[in-house]
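In case you want the letters, here they are:
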Amino acid sequence: MTQEPAITPELIAKHGITPEEYERICSILGRDPNFTELGIFSVMWSEHCSYKNSKPELRKFPTTGPGVLVKAGEENAGVIDIGDGWAIAFKMESHNHPSAIEPFQGAATGVGGIIRDIFTMGARPVFSLNSLRFGPITGNGSAAVANNRRLFAGVVEGIAHYGNCIGIPTIGGEVYFDESYEGNPLVNVFCLGVLRHEEIARGGAVGVGNPVFYVGAETGRDGLAGAAFASRDLTEESKQDRPAVQVGDPFREKLLLEACLELLASGAVAGIQDMGAAGLTCSTCETASRAGTGVEIDLNKVPKREPDMTPYEIMLSESQERMLIIVTRGREQIVRDIFEKWDLPYAEVGVVKDDGMMRVCVGGDVVAQIPAHKLAEDAPIYHREASARPAPEPLGTLPEADPLAALPALLAHPSIASKNWVYRQYDHMVRAGTCVLPGSDAAVFLVREADKILAATSDCNALYCALDPREGAKIAVAEAARNLACSGARPLAVTDNLNFGNPYKPENFWQLRECVEGLAEACREFGTPVTGGNVSLYNQSPAGAVDPTPTVGMVGIIHSPAHITTQAFKGAGDAILLLGDIGGEMGGSHYVKVIHGRKAGTPPRLDYAKEKRVQEAVRSLIRMGLVRSAHDCSEGGLAVALAESCISGAEAIGAEIDLTRFGNLPDGELLFNESQSRIVISVRRENAAAALALAEWQGVPTHRLGFTGGKHLRIKSGEREWPWLVSDLHAAWWNSIGEAMEANG
Amino acid sequence: MKAAVIRFPGSNCDQDCYHVLKNGFGLDTEYVWHKEGSVEQFDMIVLPGGFSYGDYLRCGAIARYSPVMRSVAAEAERGKLVLGICNGFQILCEARLLPGALIRNRSLHFICEHVHTRLENMETAFSHAEVTKSGGKLLTARTGLLLHMPIAHGEGNYTADAETLREINRNKQVVLRYADDHGAITGGANPNGSAENIAGITNRAGNVFGLMPHPERACDPLLGSEDGKLIFQSVIESAKKAAK
């Protein structure tokens, strides 16, 4: 064996381990660690694996509820009951750092990782979403814009490559563009799977004497210590970290997925865990820790892609498409038969022990020996210092801007524009269950095996979070629930992905804490427990931290196919109603950002009681069969919501709108304010009075806005009148991203 | 009467096809693993979409060497009905059971969207039937009928040499062409650059059919179209007739 480097203070520091943490390691081991053990501790105690800086915050989330079958943190993903013996497992995870360095593989392996988390639970993955953030892609060909486009194109292609090949439809999500993400894009991927209650698989190394199998792809040198890489700031030198980015093989993962589900159904599995971050290290010590046992493995038996790999490299590799399976003794042959059928590598690499140790051997030599539970669970916990950021710059008086030009400009802004350039590249229809195509308030999917209709959405207005993290996080939850309500669904549960800057900077940590508390409070209000998720810190480039982005993935259920509702107007002559008030809050609005070039003001306030009433009202109107379309007002306010309802259907339909009743609000405020708790619905003309009365009866102020039809979206208010050709609005909205991406330079 | 859905490693529309045949049409349907030696006992054979062998070489280029393909070719030779969808179409071309080839989309991007295709020949075993849509409306095959189905592929650009194109036109082997919503065969309606907007063809004998659109994703009003039923109804009727 080659000589291992000596443990020096420099080597310890290079592993991101502080002197205090090193002391802790020595006291756990009762001696100094060797090189391999140091590497193992460095990845397990990285933020990515240990949540050492965020754990006290994460404990604030509500994690229980009547439908929760597996709680957050217990296993690889939470599991929620959906009735009739069926359940869903879902989770969101980030691959921000790898995607910044190598967008295609970074995003692709992110998809691969989240899919493994789901089938590890025994669930068949049925759909994916993603939530993406990039720097601006429009403007005059600066190097920064060109790089943002390269990252955006690469990430989308990587997601498409992996998701399309493995045959799991990518049915929705969100994409935003903002300067703060320049050099540090966010790539959050979500996957949901379905299973029977009795099929829930556990990640424990149970049964002393049970054999431990390694299945899936061979271990290579790719992705070495990726978890540690993800737990520091991105710098100019980060490009040298390219070996820390893994390479994905969706074909291998498809085979692995089918083989594992077949094996789980055979009853031969005692425990199962995927090898994601920290690979073989994490899967062995976590399975042992969960079961209160020990695991001993022999690295000579691990299938390897390259010769002469050291124990350090094998243990820290993040090669993709690998699983660790604890097999019930006596049933080894079932594993061999299934993995041979699928032409996948497998090997019996170890055994479950009763001594609580994670023991790594090379033949007869022990190369690492660490108490598994202490390694997995006893990472230091830090209560970081928080200091509030200064209050946002007040808005002041806004200069006049012509609404005739402002609306198309907002619709063409890539954050608001149609994402068809993106979702056309994703197979969003495989598995033959996509009832609502991408581009409406929420994705709707028929899970055939369970005969259940699910709705899912991901939301986060990071602009609000930058100006007021607590309120912004609350609104992210409220908007997700509102999107589900508009699609006819009742929300069930939440997964979140917390994307923030370096937690050692007190103002970044303050943002994290404010957002977590906002999310936790709102999840309690909406009765949606958090079933798991991911924390991604150190999202900063040399220019600073990204806007705080606590992405919320929410899943709901729709009781009948008749309740599936989309945002587009359905025909001419329907009445258009506004559920909620006209509002007037301009702080943090996209109008102020896009038209006036400022990220300023206090973002809108959320009133839970009002929000819940408006959501309940739209859901009950939908269930009564009154609603033809429903769309919430979010970025760009009422005018953008109306325009999107006009132009997002198979055929563009105009609308005649009269806002005279709302008095003399200035143009910008009247049309583009982003006050919360507002939904635009259309109903058949003859049902308008009934819908209005029912909504009012539920305590929701409701207003007749006008009617659908014609070639224009025409909005009047007293003497003021703004007509837009819907074909022009459609062109601005539909082509904007494609044009930016095809532009030269 | 029995249908086979072949599963190659990397097939991913196998479950969708199985569902439509088994639960939609009530057909006795079985999965056949690609390592199986024979499909002789089946009356119709479906090669589903997906990424067989990851499509890492050329789409369908490795799958054609799967053990089961020898039997598929033999059964096709004997006149049995074979339907290849998307990757299944690519495999049939690679196996020389259909003429021509499918290359990368003109845009070089994967494309997933609903398209219109025009029925060019209503007299094949795969395109002659009449089906009832939910709500009782009839969908009856006729030349010029527009079928609304999704496509989802990176390599669906049909190409063949001039002589082959002449021949498949002469023999009425072209069953579907991409069209606009008025039924016109235009460049703008061609999503991937296919020669002459070709979306689906049969072999000379008319018992092997390959198409890029996914009929199995267009058999349920909840998914936005039931037009795919026409393809399945046709092939099932033809197979039943042949089985008698």
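It should be noted that the structure appears before, not after, this text.
A few points on the structure.

1. Some remarks on the interface of chain A and chain B
Each partner contributes to the interface: chain A provides 33 residues, whereas chain B provides 28 residues. The three residues of chain A that bury the most area against chain B are Phe251(A), Arg424(A) and Met429(A), which together make up 24% of that side's buried surface. For the pair chain A and chain B, the number of links is 4 salt bridges. Between Arg424(A) and Glu113(B) there is a salt bridge; the shortest N-O distance is 2.5 Å. The interface formed by chain A and chain B holds 14 residue pairs in polar contact (both at pLDDT 80 or more) in total. Of all elements in the fold, only α8 (143-166), α10 (250-266), α13 (332-341) and β14 (434-436) of chain A reach the threshold of two or more residues within the side of chain A that touches chain B. The dominant element in the side of chain A that touches chain B, judged by the number of residues it contributes, is α10(A), at 5 residues. For the side of chain A that touches chain B, the class distribution of residues is 16 nonpolar, 6 polar and 11 charged.

2. Remarks on α10(A)
All names here are of chain A. For α10, with 17 residues, the first-to-last C-alpha span of 24 Å sits near the 24 Å given by 1.5 Å per residue. Within α10, 12 of the 17 residues are buried, leaving the element largely enclosed by the surrounding structure. The complete set of buried residues in α10 reads Pro250, Phe251, Glu253, Lys254, Leu255, Leu256, Leu257, Glu258, Ala259, Cys260, Leu261 and Leu263. Measuring from the backbone nitrogen of Phe251 back to the side-chain oxygen at the start of α10 gives 3.1 Å, which picks out Asp249 as the cap. Phi turns positive, to about 80°, at Gly267, one or two residues after α10.

3. A look at helix α19 (residues 506-526) of chain A
Counted at 1.5 Å a residue, the expected span for α19(A) with its 21 residues is 30 Å, and the 30 Å between its end C-alpha atoms agrees. Remark: Gly527(A) follows α19(A) within two positions and exhibits a positive phi of approximately 65°.

4. Digging into the sheet that holds strand β21 (residues 549-558) of chain A
In a beta sheet, neighbouring strands pair by backbone hydrogen bonds and run either parallel or antiparallel. Residues and elements named next belong to chain A. Pairing is mixed across the open sheet formed by 6 strands, whose spatial order is β14-β15-β16-β21-β17-β18. In this open sheet, the two strands that pair with only one neighbour each are β14 and β18 (530-536). Ignoring which end each strand starts from, the neighbouring axes of this sheet average 25° apart. One ladder, built from 7 bridges, connects strand β16 (residues 452-459) with β21; its direction is antiparallel. Residue pairing for β21: Asp459 is matched across the bridge by Val552. Set on the sheet, α19 makes contact with β17 (490-499), β18 and β21; between it and β17 the angle comes to about 175°.

Here is what the cut-offs are and how they apply
- Residues numbered from 1 in each chain as written.
- Chains lettered and ligands numbered in written order.
- Predicted model: local features only at pLDDT ≥ 70, side-chain atom pairs only at ≥ 80, totals over all residues.
- Heavy atoms only, no water.
- Contact = heavy atoms within 4.5 Å.
- Buried area = accessible area lost by both parts, 1.4 Å probe.
- Salt bridge = Lys/Arg side-chain N within 4 Å of Asp/Glu carboxyl O.
- Polar contact = N/O pair within 3.5 Å; in protein donor to acceptor, adjacent residues only side chain to side chain.
- Helix = DSSP H or I, 4+ residues; strand = E, 2+ residues; numbered from the N terminus.
- Nonpolar A, V, L, I, M, F, W, Y, C, P; charged D, E, K, R; others polar.
- Expected span 1.5 Å × (residues − 1).
- Buried < 20%, exposed > 50% of the residue type's maximum accessible area, 1.4 Å probe, protein only.
- Pairing = 2+ DSSP bridges.
- Axes fitted to C-alpha atoms, helices over the stretch in contact; angles between N-to-C directions.

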